[in-house]
Amino acid sequence: MFKKAVEAKAQQRLSGADRKKLKRTIRDRFPRASDADIDALLPPKAEITVSKFQNRVHVYGVEGGFPLFFDVDGRGSEIYPTVFALWKLPEMLPYFMLKGGEVSRFVIGGADLMFPGISVAAEGLPSFSAGEPWAVKVPGNPAPIAVGSTTISSAEALKAGLRGKALRIMHYYRDLLWESVEGHYVPNSGFLEDVVLEDPSFLASNQPSDSSEGATCESDVQQSCVNNENTEGSIDVNGAISDACAASMQNDTENAAKEITTDASDLKSTANVDAAKLDIELSSLSIEDVDSHLDRCLLQALHTTVKDKDLPMPGSTLWSNHVLPCRPSGITLDIKKSSHKKLSKWLQAKSSTGLITVKEDKYKKEAMLISVNRGHPEYLQFKPEKRPVEKVVQAGDSAASESRSQKALEVVEVYKSSVHVNPIFASVGADTGKLYSASEATDIVFKYIEKENLVKETNKATVVLDATLCDALFKGAIKKGSTYPTEIHKKDLGATFINRMQAHHMVTRGGESVVRKGVLKTVQIVTERRQGNKKVTKVSGLETFLIDPEALASELQKKFACSTTVAELPGKKGLEVLIQGGVIDDVARHLLEQYGIPKRYIEVLDKTRK
């Protein structure tokens with residue numbers, strides 16, 4: 001699952017309803033874990049984040065902490081704890097005990113677990129069904145080193161003579177999910193209290209031994225894998241390892257044992273410290289402190305990100321896109337913890353001081369920021385902080401300019417000859433299979449007029465229509481019984497001739513170019529109201545302008561600090577981007593400024609306005 005590097009395409013906080021849903025799913029899937037155990041992993045007051053990867057895997061964890069659960073398909077049906085979570089709750093899953101440290105060498109190399117590598121207790125093989133989540137442990141240590149899914153049931157395994165694949169490994173110690181957060185550990189933080197290392201051979205080193213005996217041992221184990229299972233990346237260890245092999249591996253396994261135990265202890269200590277800090281932080285903030293933070297964040301936003309050209313602005317947009325990003329690091333702002341309790345009341349309170357002007361939109365039923373009094377004493381006395389984000393943006397100016405150049409758009413409307421105008425093209429020797437711009441097509445019809453000498457002698461601005469030109473312009477377009485015109489003004493000739501051709505459009509962005517038949521379709525931005533008076537903004541038609549919906553969704557999620565998803569258009573080809581909140585004007589401005597889409601090709605419709 002995490003053998004290859006996969007980038008997270010999106011990361012967001014879970015809402016209250018999604019947090020409850022996640023905990024219910026975990027409680028149902030892992031009955032060994034009590035409510036207290038789940039709260040220990042996912043504290044009620046902590047923010048829970050989800051990272052969505054390109055391979056559809058969702059990874060959940062406490063914000064600023066370690067990944068604790070991962071969902072294979074993002075639907076909640078195949079959710080597993082990470083090794084980090086199992087180190088905090090080792091008995092959360094049933095487990096297979098390996099025969100010895102030599103087998104763990106292959107498990108942490110990404111191989112699946114085979115039945116011959118499992119140590120079966122005297123009472124026999126435990127009962128299990130296919131598709132159940134199980135952990136993998138080594139003798140003498142309760143800290144699991146891997147987690148996976150059973151491939152067959154215990155009854156089927158016994159019938160097969162305990163041969164074949166037992167566990168499909170999903171995640172293991174030191175895979176890429178582990179490596180992505182390994183640098184966050186606190187060194188020398190003590191040992192995990194409930195891990196007692198009795199047998200140092202619980203984990204073998206990933207590196208082969210330099211001694212010839214160690215190399216022979218590893219070769220024998222690998223050969224045993226090949227002989228018993230011809231599937232790459234599987235473990236099958238038959239027979240006992242010789243004493244010489246075990247001795248040669250002793251040093252490596254001792255070092256690795258210390259390493260994994262230290263990592264486990266660091267994890268628990270760090271997680272406990274983070275949870276304690278979070279609880280102290282949330283409980284220590286008084287109502288006055290929250291009010292003070294709100295006021296400072298508002299002033300910071302008014303100085304740095306809120307521009308007069310963006311006004312009027314909905315209060316929800318001000319809060320999510322401007323106030324929240326200005327909060328200090330490590331501070332969680334909750335308007336309900338303030339003395340105002342509601343966003344609208346807080347904004348009205350600031351309006352009463354004269355700092356801002358706020359009015360309630362009777363259609364949207366929310367407070368709107370109308371103007372900012374930049375001459376207000378409170379505004380003038382405040383000195384905005386220089387955010388570290390600004391330095392990052394400045395350092396990445398070259399990359400940003402390169403990104404903008406890649407987004408540069410060029411749209412050209414072109415035309416192709418049709419059955420109506422083919423005789424005109426044939427008469428002047430023009431290629432009927434070629435694409436022409438509007439001016440080039442007009443030149444062709446005027447060449448025909450010059451060749452046939454159709455300009456009226458008494459009025460040079462009028463063209464006399466012969467049979468060929470009259471059919472090209474009007475055949476099939478004139479109602480039955482109506483007489484065909486005998487002449488046409490030059491200023492109307494070009495547009496009439498182009499309308500009889502096949503319309504095409506050519507779109508170029510960066511090094512990519514595409515030509516499509518028909519007129520250029522617009523990008524549609526629609527805001528609708530959902531249950532609970534919530535709004536959602538939908539954007540479709542992006543493929544016309546060579547915009548990747550997935551990439552745009554990721555951009556807008558960061559820009560507007562809201563959740564975004566990509567879904568198929570119902571009953572149509574193509575994808576649409578769904579954005580939480582009524583951000584119809586902001587999205588249109590983003591497409592215009594960042595992607596260069598002309599205004600005439602952007603169609604907006606706000607269904608929430610009466």
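Quick note: structure is the one above.
Definitions and cut-offs
- Residues numbered from 1 in each chain as written.
- Predicted model: local features only at pLDDT ≥ 70, side-chain atom pairs only at ≥ 80, totals over all residues.
- Heavy atoms only, no water.
- Helix = DSSP H or I, 4+ residues; strand = E, 2+ residues; numbered from the N terminus.
- Pairing = 2+ DSSP bridges.
- 1 Å grid on protein atoms, 1.4 Å probe; cavity = no way out; pocket = protein on both sides within 12 Å on 5 of 7 lines; lining within 4 Å.
- Points joined across faces, edges and corners; volume = space filled by probe spheres on them.
- Nonpolar A, V, L, I, M, F, W, Y, C, P; charged D, E, K, R; others polar.
- Buried < 20%, exposed > 50% of the residue type's maximum accessible area, 1.4 Å probe, protein only.
- Phe/Tyr/Trp six-rings, centres within 6.5 Å; stacked < 30°, edge-to-face > 60°.
- Lys NZ or Arg CZ within 6 Å of the ring centre and 35° of its normal.
- Salt bridge = Lys/Arg side-chain N within 4 Å of Asp/Glu carboxyl O.
- Contact = heavy atoms within 4.5 Å.
- Core = buried A, V, L, I, M, F, W, Y, C linked by side-chain atoms within 4.5 Å.
- Expected span 1.5 Å × (residues − 1).
- Arc of directions from axis to C-beta.
- Disulfide = S-S within 2.5 Å.

Draft legend 1. Structural detail: unusual backbone geometry. The backbone phi angle of Lys341 is positive, close to 70 degrees, even though this residue is not glycine. Structurally, Lys341 is set in the loop between helix H10 (315-323) and helix H11 (343-352). A positive phi angle, near 55 degrees, is found at Ala561, a position not held by glycine. Tracing the backbone shows Ala561 in the loop between helix H19 (549-560) and strand E22 (564-568).

Draft legend 2. Expanded view of the sheet that holds strand E12 (residues 356-361). Strand order in the open sheet formed by three strands is E11-E13-E12, and the pairing between neighbours is antiparallel. Two strands bound the open sheet, and with one partner strand each, they are strand E11 (313-314) and E12. Pairing geometry for E11 and strand E13 (residues 366-372), over two bridges, is antiparallel. Each residue of the ladder has a partner; that of Met313, found in E13, is Leu369.

Draft legend 3. View of the layout of surface pockets. Of the volumes computed, that of the second largest pocket is approximately 650 Å³. Lining the second largest pocket are 25 residues, with Thr522, Gln524, Ser540, Gly541 and Leu569 positioned closest to its centre. Secondary-structure elements contributing two or more residues to the lining of the second largest pocket are strand E19 (512-517), strand E20 (523-529), strand E21 (535-540) and strand E24 (602-606). Residues of the lining of the second largest pocket, tallied by class, amount to seven nonpolar, seven polar and eleven charged.

Draft legend 4. Inspection of the pairing of strand E4 (residues 67-71) at higher detail. Burial of E4 is extensive: five of the five residues sit out of reach of the surface. As judged from the four bridges shared by strand E3 (residues 58-62) and E4, these two strands associate in the antiparallel manner. In the sheet register, Tyr60 faces E4, and the bridge partner there is Phe69. Between E3 and E4, which pair antiparallel in sequence order, lie four residues; one of them, Gly64, sits at a positive phi of approximately 80 degrees. Alignment of E4 against strand E5 (residues 79-81), held across three bridges, turns out to be antiparallel. Counted as the bridge partner of Asp71 is Ile79 from E5.

Draft legend 5. The packing of aromatic side chains, seen in detail. With the rule as written, the count across this model stands at eleven aromatic pairs. Ring geometry for Phe128 against Trp134: centres 5.3 Å apart, planes inclined by 65 degrees, an arrangement best described as edge-to-face. For Trp134, a relative accessible area of 3% translates into the label buried. In this structure an aromatic cluster arises from ring pairing among Phe96, Phe128 and Trp134. Sitting over the ring of Tyr95, Lys137 keeps its end group 4.0 Å from the ring centre.

Draft legend 6. Representation of the pattern of salt bridges. Overall, the coordinates contain 14 salt bridges when judged by the stated rule. Lys538 is the salt-bridge partner of Glu528, the closest N and O atoms lying 3.3 Å from each other. Of this pair, Glu528 sits in strand E20 while Lys538 sits in strand E21, placing them ten residues apart in sequence. The class for Glu528 is buried, based on a relative accessible area of 18%. Assessed through its relative accessible area of 19%, Lys538 is described here as buried. Residues participating in the shared-partner salt-bridge network are Asp295, Lys350 and Glu378.

Draft legend 7. Here's a closer look at the sheet that holds strand E15 (residues 435-436). Pairing in this open sheet of four strands is antiparallel, and the strands run E15-E14-E18-E19 from one edge to the other. A single partner strand is all that each edge strand has here, and the edge strands are E15 and E19. Both strand E14 (residues 409-416) and strand E18 (residues 502-509) contribute to a ladder of eight bridges, which runs antiparallel. The partner of Val414 across the bridge, within E18, is His504.

Draft legend 8. Molecular detail of the side chain of Ser149. Among the structural elements, Ser149 can be located in strand E9 (residues 141-150). Using a relative accessible area of 7% as the deciding quantity, one classes Ser149 as buried. When sequence neighbours within four positions are dropped, the list of residues in contact with Ser149 reads Tyr80, Gly131, Glu132, Ala166, Leu167, Arg168 and Met170.

Draft legend 9. Inspection of the nonpolar core at higher detail. In this structure, Leu22, Ile26, Leu41, Leu42, Phe69, Phe70 and Met92 are the most contacted members of the largest nonpolar core, which totals 32 residues. Not counting chain neighbours up to four residues away, the residues in contact with Phe69 comprise Ile26, Phe30, Leu41, Leu42, His58, Val59, Tyr60, Ile79, Tyr80, Pro81, Thr82 and Met92. Counting 27 residues, the second-largest nonpolar core is a separate cluster that includes Val83, Ile108, Leu113 and Trp134.

Draft legend 10. Molecular detail of the environment of Thr544. Residue position: Thr544 is located in the loop between E21 and H19. Owing to a relative accessible area of 14%, Thr544 belongs among the buried residues under this scheme. Dropping the residues within four chain positions of it, Thr544 is found in contact with His505, Val507, Arg516, Leu520 and Lys521.

Draft legend 11. Here's a closer look at helix H1 (residues 16-29). With 14 residues, H1 ought to run about 20 Å at 1.5 Å a step, and its terminal C-alpha atoms sit 20 Å apart, in line with that. Those residues of H1 not exposed but buried are Arg19, Leu22, Lys23 and Ile26. Buried residues along H1 cover an arc of 95 degrees about the axis, so they all sit on one side. Across from the buried face of H1, at angles greater than 90 degrees, the exposed residues are Ala17, Lys20, Lys21 and Asp28.

Draft legend 12. Spotlight on the environment of Lys21. With respect to the secondary-structure elements, Lys21 resides in helix H1. Residue Lys21 is classed as exposed on the basis of its relative accessible area of 53%. In the structure, Lys21 is positioned 55 residues away from Gly76 in sequence and 9.4 Å away in space, judged by C-alpha atoms.

Draft legend 13. Inspection of the state of the cysteines at higher detail. Overall, the coordinates contain zero disulfides when judged by the stated rule. With no disulfide of its own, Cys297 has Cys326 as its nearest cysteine by sulfur position, at a separation of 6.3 Å. Overall, the relative accessible area of 2% leaves Cys297 in the buried class. Taking relative accessible area as the criterion, Cys326 reaches 9% and is therefore assigned buried.

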